[in-house]
Structure formats: C-alpha cells, structure tokens
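What the coordinates show
Below, each chain spelled out in residue letters.
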Amino acid sequence: MISFRVDGRSGVPPYLQIVQQVRQALRMGVLSVGDQLPTVREVVAEVAVNPNTVLKAYRDLEREGLVEARAGQGTFVRGRPPGPPPGTHSRLGRSLARWVREARQAGLDDESIESLLRVTLRADSAAWDSDSEEIA
Amino acid sequence: MSAVIETHELSKRYRRVTALSDCSVTVPESRICALIGPNGAGKTTLLRLLAGLARPTGGAVCVLGGAPRQDPAFLAEIGYLAQEIPLYRRLTAEDHIRAGAHLNPRWDAVSVRTRLADLNIPLDRAVGTLSGGQRAQVALALTLAKRPRLLLLDEPVAALDPLARRHFLGSLTAAVAESGGELTVVLSSHLIADLERVCDHIILLTESRVQLCGDIETLLSEHKVLVGPRKDTSALERTHTVVHAVRTARQSTLLVRVGGPVFDPAYEASDVDLEELVLGYMGASAAPALAHLTAVGEEQ
Amino acid sequence: MTWLVWRQYRWQAAIAALLLAAFAAVLIVTGLRMASQWHSLLTTCTNSSACGTVSLGSTLGQDLVVLSLAVPVILGFLWGAPLVAHELETGTVNFAWAQSVTKARWLTVKAGWLLLAAAIWGGAVAALVTWWSGPRNAFYSDQFQPNYFDQQGIVPIGYAVFATALGIAAGALVRRTLVAIAVTIGGFIGVRLMISQFLRAHYMPAVTAYYNPLSGYSPPGSAWVLSTGVVDKYGHVFSGGSGPEVNGVPVSAIPAHCRSMLFTDPTTLSKDKLHQATSCMQASGFRGFSTYQPAYHYWPFQGIETGIYLALAAAALAVTFLIVRYRDA
C-alpha cells in the first residue's frame, strides 16, 4: 500500500504532490493495475491534510485515466502513465549515477550540477521543440 | 452551500475592554476554517459567542440557522473544545464516556473507544495522568462522539509536541472525511504551517477586528507580493490595494490585493503563501502609521 | 447529570457519612448514659434542695454538641464554596456545558443535590443533639437560651442549607475557591450574629410580668428572659447588667434609704432584710419586672428562624443562577 508525503514548503500544491506521488509509484512499480489506493480517510489520518486535497488529487487521477472510483468499494488503479517501461528508470538511473560521480570527481558541487542539469534540460527541450516543428 | 456561521457587525464588550468589534464573517458548510490572530485579538471571544457561551453586546450572530442559545438541541449540534482541555483530572476516560452518554441526546461511545484504542490511549487511567497530547486526543474524541455539525476548537494543539500535533490534526481531518460533508470545523491556532495543510477557509482577527475572511485558495490568488524600486505607489493604488508595505531607502516590498493584472514592469511579482499573507495583514494593522512615517522621514 | 454529580462527589459523600456515623456513635453512647443518670436522679431525688446540687452531663458529648454549632459553616465552605468556584477555576465547566447541558440545568442538579445533602446532614445532627439534650432540657430548662436554641430543634437545618447556598453563591461570584471560602465563613458568621443578637428577640412580642421588686422572679418553664430589673413610679427602667445586683436588680437602682436596710454588713444578706427592703421599695413606687419570651413561643421561634434562613438560602441561590446564566466567563 502506498503511503503519501506532503511537503508544505516545496511550493508544489499538496494535491499535485499526491498526484505526482501516485504517478511515480506507478512508474516505479510500487503500484500496479488493480491495486486499491488508500481511502481519503486513511490518507488524511496519516498525513493531516484537508480531505478536499485528497479528493481533488483522486479526481485528477481519474480524469487522467489512471484510477477509477468504484461505488462503495474505493479507488483502484486502472492504468499506467504513458512512458517508458519500468526497467528504463533503473537503467537510466544507474548511468546517471555514474555521470554524477564523474562530475563530482571533476570538482562540481551539488549546486553546479543542478544548474548544469537545468540548463541542459532547457536547451534540450528547445532543440526538441524545434525538431518537432521541423518534422511537423 | 449554505453558511453554517454568519455574523453581522458582531461585537462584544466587557466592562472596559472591547474584545470584538464590528465582526462580519461567513463560514460555509463542510469547511475547515482557520481562525488566526495575535493573542488578545478576540479569537476565544468569537468562539465562545458562536458556541452560545457568551452573549454579544452588539450585532448579530447566526449559527446553524439560528442564534446561539442555551438550549439542549442547539448545544447538541455544537462541539466546543476550550483551550485548557476541560476534563476532570481525577476521572478516567471511561467515566467521561459514560458522562457523555448521560448528558447528550446523540452519543457514539463506540467511536470514542475505537479512536482511543487506535491511539493506544488507556481508558481506565485517571485523565490527569495522561500526557498533554493524549488528553487532547481524549477531549477531541469525546467532542466528536456528540456527532456535532460544527466543531469549535480553541487552540487545541497549542501545548502539544510536533508528533502529537500531527496525530491530532490527522484525527481531526479523518473525522471530517468520515462525516461526508456534514461536519464544519473552526480551529484557532498560531501555527500557520499546520493551518495551511488542513484548512481551506480563513478568518484573520487583529485587535478585535476582522482583517480577512474567505476561501484560502481564492484569497491567495487575489494577492501578490511586488518587489521593486522605492517609488510613489499612487498609480498602482488606482487599481490595486496595497495591504502592507516594507520600504527601505531604495526598495519597496508591497503586499498587494490585485484588482486586475499588474502592468508595471518595474515590479517583480510573485505569488504569496498563507504565512506571507497573514503576516502582511497582521503587520499592516499593527503599525500602518509607522510605516508611512518611516517613508516620509527617509524621503527627506 | 445526576450520574456525573454522583461520580464527582462520591468519595466526599462517603467521608461525610462516616463522620456523621462517628458523631452519632459518640452522642448515642453519651446520651444513653445521660438518660440513665437522669432516670436514677428522678427516682432518688425527692427533695428539691438535694436535686440542686447534682449536675448532669458528659464532657465529651457536651464538647461535640458545641462543635456541632460549627457544622453549618463547615458544610458551607467545604461543600458549597468549591461547587461552582472549583469548576470555574479549573475550566471543567466547559466539559459539562459542552455536553448539551444548559448552564441552568447544570447548576440546578449540582446545587439541588448538595443542598439536599446539607439539609439531611444538618437535620441528622440536629436530631441527634436534640435527643441527646433531652435530660439536660428537662433539668435545666435552658433550650430557649442563646446557643442552646441554635443547636437543637430544626434551626440547624436552616443554618446548614443557608451556609451551603451562601458558599455556592460566593463561589460563583468570586470564582476562586479560597476566596470563596473566606467570604462564606465571614458572611455566615456575620449573618448568624446579626440575626441571633438583634432579630431573634423580636420574632414575636415578648411578655412583661410585674412582681415584687427584689423577689427574684423567674418565669415558668424554659422561658427566655430578655431583661429583668425594677421600674420606678416615673417609668424609669433599671435592669441588670454590670455591677453588683440583688436578684437581678442593680444595687445602684435601690434608693438609699431602702439600701441601708439591706446591708448591715456589705457581704451578708439575710432573708429578713430582703423582706424589709422589698416593702420599702414597693412603698417608694418601685415594681419588679421581667420581660421574657414564654416557653410556648419556643417552637414558633424555631419555625420563624428556620424560615428566615431558608428564605436567605433561596435568595443566595437566585443570585447564583443569575450570575451563572448571565455572566460570560
């Protein structure tokens, strides 16, 4: 059974954090199709957030097609978020770990690594967009 | 949604002290409402007026469709938890449960026993020997066993450690979730971080007056913090309201209630969180004149 | 609500019952002994002069009976003062008032049971003391006298109920147990003194009897003598008080020519001389008088005084209701 964490300081609205954590759990294989999500009551008892927050998150997930609410029974996982197969994450994670080790040995601190990652992501999305435009 | 609480220019004066003046607030049904304000702002007075334990000296108050009164039917719908946890120290939790069964028309003893069992709180020990957090949980469970429609909690977590606070708020939100929209909560506290997680409505009181009352998400979307060079704000104030301004020699930080989009490129606009909003309004009421004085002084 | 009151105060009730039982035990034992003393006195005593030298009583019992005068005050501050004050101080009122119980019902049930308990306790003590005093009353006939009047009959019930109601009201007013206790003790003692010293003598009109001056008249039975002395032909009253007296008449009131007949030697007084002095005073227009409440006023007085205290208790209770209902804590 998944357990949630809501970080009040992260700047991400609580309901979105729950949505992201469900998606992540699905990607990681912690949740599979057919599993039941904890009830609203169970979530708030542990995490102490407004019940509407959880309701909103579950509704969003339902709209995305990831979960479905079955009357009288609870909320169940229906599908997986689009994306690469589960193994991909661990494989990429390992190569990333190697890269991070290399960066550290080269003398980069965490902040420089993060900023390098951000710049690269941005540049890459820009390139991706322009590629897509060309293709389209 | 109908309003569970509606007050109109409510005021309360004790012989020489005005505890509340001109309070007009609305709380819709099934909300968890935060009641925030500095000590002495009138939070306890407001809660007691809503519970029917005190009577207003001016204005009107309407709770659950009628004026609060000393009437068992009304009292059964309200769950009031005073700040100093009101339990008989020498009696056990079980005694309190039995007392509640005798004193209330609706009483869910099973829910109390289950709740306390889940929290590992013994029923047969004198309540005075339990820890502060456990006592608060017992008091909350007893208040909920009445199946009230409105919960009024006066600083229930003030004396609790962080873990006990988390458990208490967890129990509270779980009760709201279980009630299926029937339960409305007003809780007063100083801990804005807790309130931000749990509450969706806010009433802010300073110096016996209401500064803010409304849905938290809406209020946050209506306010922005503008940081920019120190300059005259009259142009800005034509469309927006400056709630609170902190001015140094060169820079202004303004908490603004926006009336539309902010066009001035000199200011960098950012969203506010609940803490900034509350502190801004509290700061504004505490020393509005002073802020202006500093501004003038430094200008010269 | 009754369940809660019982649960809160059951230990105190038990202790009170135990104390009452102990009190009763001592009184019954000493009282039975006194009763048998009295019976043997009645059978052996034929000559009034022989009876006059016997005393009747028991010191332990007597001490307890005098202590019983304090019972109402103790009830007042021990039970009455904390009833409302303690709950206001500790904030536990907010438990009951948050349980769909109106302030009025909360106070009615708590105060009602407590006052009933006070009346029963006071009544039990009064009944025991009255029974115990039977032989004493028959012998000394002093049950109408101040202090003895206060211990017997039904007035102790009135005192107990009033002291408790006063305690409850004080507690509701000052909201702090210790201060309420002080106020209760002070208030109760004040009221008791005022009523017994200034009011009691006037419940019903007193009877004045005239007699031979210096004859030492004593009204019959257990009458309560309010004042005694002589009155001259002009209506001036000379009643006893301080200074030397002869049969209740101050020596200073006796006219000089009669006085010289009385004392040939300042310390001896003979019956003969008394007779002469009496005729002398009568000739000068003096009459002896005694103003008293007759014995048949005893029970009416008991009733009136009890009624007064019950009325005061009701007033205190009404004040308490107003305070609790209308003052916002």
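Let us look at the environment of Leu87(B). Mapping Leu87(B) onto the fold places it in the loop between strand S6 (78–81) and helix H3 (93–103). A count of 25 C-beta atoms within 10 Å places Leu87(B) in the buried class. Spatially, the C-alpha atom of Leu87(B) lies 18 Å from that of Ser111(B), the residues being 24 residues apart in sequence. With sequence-adjacent residues up to four places away left out, Leu87(B) is seen in contact with His96(B), Val127(B), Arg135(B), Val138(B), Ala139(B) and Phe95(C).

The next subject is the domain arrangement of chain A. Domain boundaries assigned for chain A yield domain 1 (14–77) and domain 2 (86–135). For domain 1 of chain A versus domain 2 of chain A, the distance between C-alpha centres works out to 30 Å.

Comparison of the two pairs of chains in contact shows the highest number of contacts for chains B and C. In this assembly chain A lies apart from chain C, the nearest approach of their C-alpha atoms being 25 Å.

Further remarks concern the interface of chain B and chain A. Every contact between the two is made by 16 residues of chain B and, on the other side, 13 residues of chain A. Looking at the side of chain B that touches chain A, the elements with two or more residues in it are helix H6 (162–178) and helix H7 (192–198) of chain B. The dominant element in the side of chain B that touches chain A, judged by the number of residues it contributes, is H6(B), at nine residues. Considered class by class, the residues forming the side of chain B that touches chain A number eight nonpolar, three polar and five charged.

Here we come to the packing of helix H4 (residues 109–118) of chain B against helix H5 (residues 132–145) of chain B. Residues and elements named next belong to chain B. Direction vectors running N to C along H4 and H5 enclose 155°, while the axes themselves pass 8 Å from each other. Here H4 is positioned roughly antiparallel relative to H5, judged by the angle of their axes. For H4 against H5, the interelement crossing comes out right-handed. Counted together, Ala109, Ser111, Val112, Arg115 and Leu116 of H4 and Val138, Ala141, Leu142, Leu144 and Ala145 of H5 form the full contact between these two elements. Here the residues of the contact of H4 with H5 sort into eight nonpolar, one polar and one charged.

In the contact formed by helix H2 (residues 40–47) of chain A and H6(B), the axes pass within 7 Å of each other and the chain directions differ by 165°. Relative to H6(B), the element H2(A) is oriented roughly antiparallel. When the axes of H2(A) and H6(B) are compared, the crossing they make is right-handed. Residues Val40(A), Arg41(A), Val44(A), Ala45(A) and Glu46(A) of H2(A) pack against Gly170(B), Ser171(B), Thr173(B), Ala174(B), Ala177(B) and Glu178(B) of H6(B).

Analysis parameters
- In this convention, every chain numbers its residues from 1, walking through the sequence in written order.
- All chains are assigned letters beginning with A, and all ligands numbers beginning with 1, in the order in which they are written.
- pLDDT decides what is reported in this predicted model: residues at 70 or higher carry local features, side-chain atom pairs at 80 or more are listed and counted, and totals for whole chains, interfaces and linings draw on all residues regardless.
- Counting from the N terminus, the helices are the DSSP runs of H or I reaching at least four residues and the strands are the DSSP runs of E reaching at least two.
- To sort residues by burial, count the other C-beta atoms lying within 10 Å of each one's C-beta; a count of 20 or more means buried, 12 or fewer means exposed, and anything in between means partly exposed. C-beta atoms are built from the backbone.
- In this description, a residue-residue contact is defined by the distance between C-beta atoms placed from the backbone, which must lie within 7 Å.
- Domain start and stop points were drawn from an automatic or database domain assignment.
- Gly counts as polar in this scheme, as do all residues outside two lists: the nonpolar Ala, Val, Leu, Ile, Met, Phe, Trp, Tyr, Cys and Pro, and the charged Asp, Glu, Lys and Arg.
- Every angle, taken between N-to-C directions, lies between 0 and 180 degrees, and every axis is a line fitted to C-alpha atoms, over only the stretch in contact when it is a helix.
- Any angle between 65 and 115 degrees counts as roughly perpendicular, while under 35 counts as roughly parallel, over 145 as roughly antiparallel, and the rest as oblique.
- The handedness criterion is simple: a crossing whose near helix is rotated anticlockwise from the far helix by less than a right angle is left-handed, and one whose near helix is rotated clockwise is right-handed.

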